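Understanding the architecture of this molecule
Take a look at the letters that make up each chain.
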Amino acid sequence: MFTKANEIADLTKKFNEINKQQKGSRSYCQIVGFEEFDKKENGATCAIHFHESIHGMERNSKFEFLDENHIVQYLKAHT
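Below you will find a few notes about this structure. (Residues numbered from 1 in each chain as written. Predicted model: local features only at pLDDT ≥ 70, side-chain atom pairs only at ≥ 80, totals over all residues. Heavy atoms only, no water.)

All right, on to the overall build of the protein then. Helix and strand counts for the protein come out as two helices and three strands. Walking the protein from its N terminus toward its C terminus, one meets helices and strands in the order α-β-β-β-α. Projected onto its principal axes, the C-alpha coordinates of the protein cover approximately 40 × 25 × 20 Å. Here the protein holds 79 residues, and 35% of them are scored as buried. By sequence separation, contacts in the protein at least 24 residues apart represent 38% of the contacts at least 6 residues apart. (Helix = DSSP H or I, 4+ residues; strand = E, 2+ residues; numbered from the N terminus. Buried < 20%, exposed > 50% of the residue type's maximum accessible area, 1.4 Å probe, protein only. Contact = heavy atoms within 4.5 Å.)

Quick look at the structure:
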């Protein structure tokens with residue numbers, strides 16, 4: 001379980017508010033979940049799941065991170 005869960009939750013709320021769909025636009029990006037897993041070959045231990053719409057084309061994506069500290073750094077850079 002994430003030890004920085006409260007900080008991640010606060011930053012996620014800010015990220016989603018900043019990147020929500022705006023009136024008249026079909027593009028947006030929202031964080032829809034997180035995942036923790038055993039260390040992968042690339043060193044990743046966790047991920048953020050996104051739902052995106054770019055000019056109306058919807059897709060789901062995932063960014064993997066080494067640890068929750070890197071998630072916090074990513075979210076701080078994008079909020």
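On to the sheet that holds strand β2 (residues 46-54). The sheet built from three strands is open, its strands ordered β1-β2-β3 with antiparallel pairing. For this open sheet the edge positions go to β1 (28-36) and β3 (57-65), each flanked by a neighbour on one side alone. Each neighbouring strand pair of the sheet contributes to a mean axis angle of 20°, computed without reference to strand direction. Bridging between β2 and β3 involves nine bridges; their strand directions are antiparallel. (Pairing = 2+ DSSP bridges. Axes fitted to C-alpha atoms, helices over the stretch in contact; angles between N-to-C directions.)

Aromatic ring pairs are defined here through the distance separating the ring centres and the angle between the ring planes. Under the counting rule described, the total for this entry stands at five aromatic pairs. Counting every residue linked through ring pairs, the aromatic cluster contains F15, F50, F63, F65 and Y74. Geometry around F37 places K40 over its ring, the cationic atom sitting 4.7 Å from the centre. (Phe/Tyr/Trp six-rings, centres within 6.5 Å; stacked < 30°, edge-to-face > 60°. Lys NZ or Arg CZ within 6 Å of the ring centre and 35° of its normal.)

Once that is clear, we can look at helix α2 (residues 68-77). By the burial criterion, the buried members of α2 are E68, I71, V72, Y74 and L75. Viewed along the axis of α2, the buried residues span an arc of 160°, placing them on a single side of the element. Exposed positions of α2 whose direction lies more than 90 degrees from the buried face are Q73 and A77. Packing partners of the buried residues in α2 comprise α1 (5-18), β1, β2 and β3. Residue D67 occupies the N-cap position of α2, its side-chain oxygen lying 2.9 Å from the main-chain nitrogen of N69. (Arc of directions from axis to C-beta. Polar contact = N/O pair within 3.5 Å; in protein donor to acceptor, adjacent residues only side chain to side chain.)

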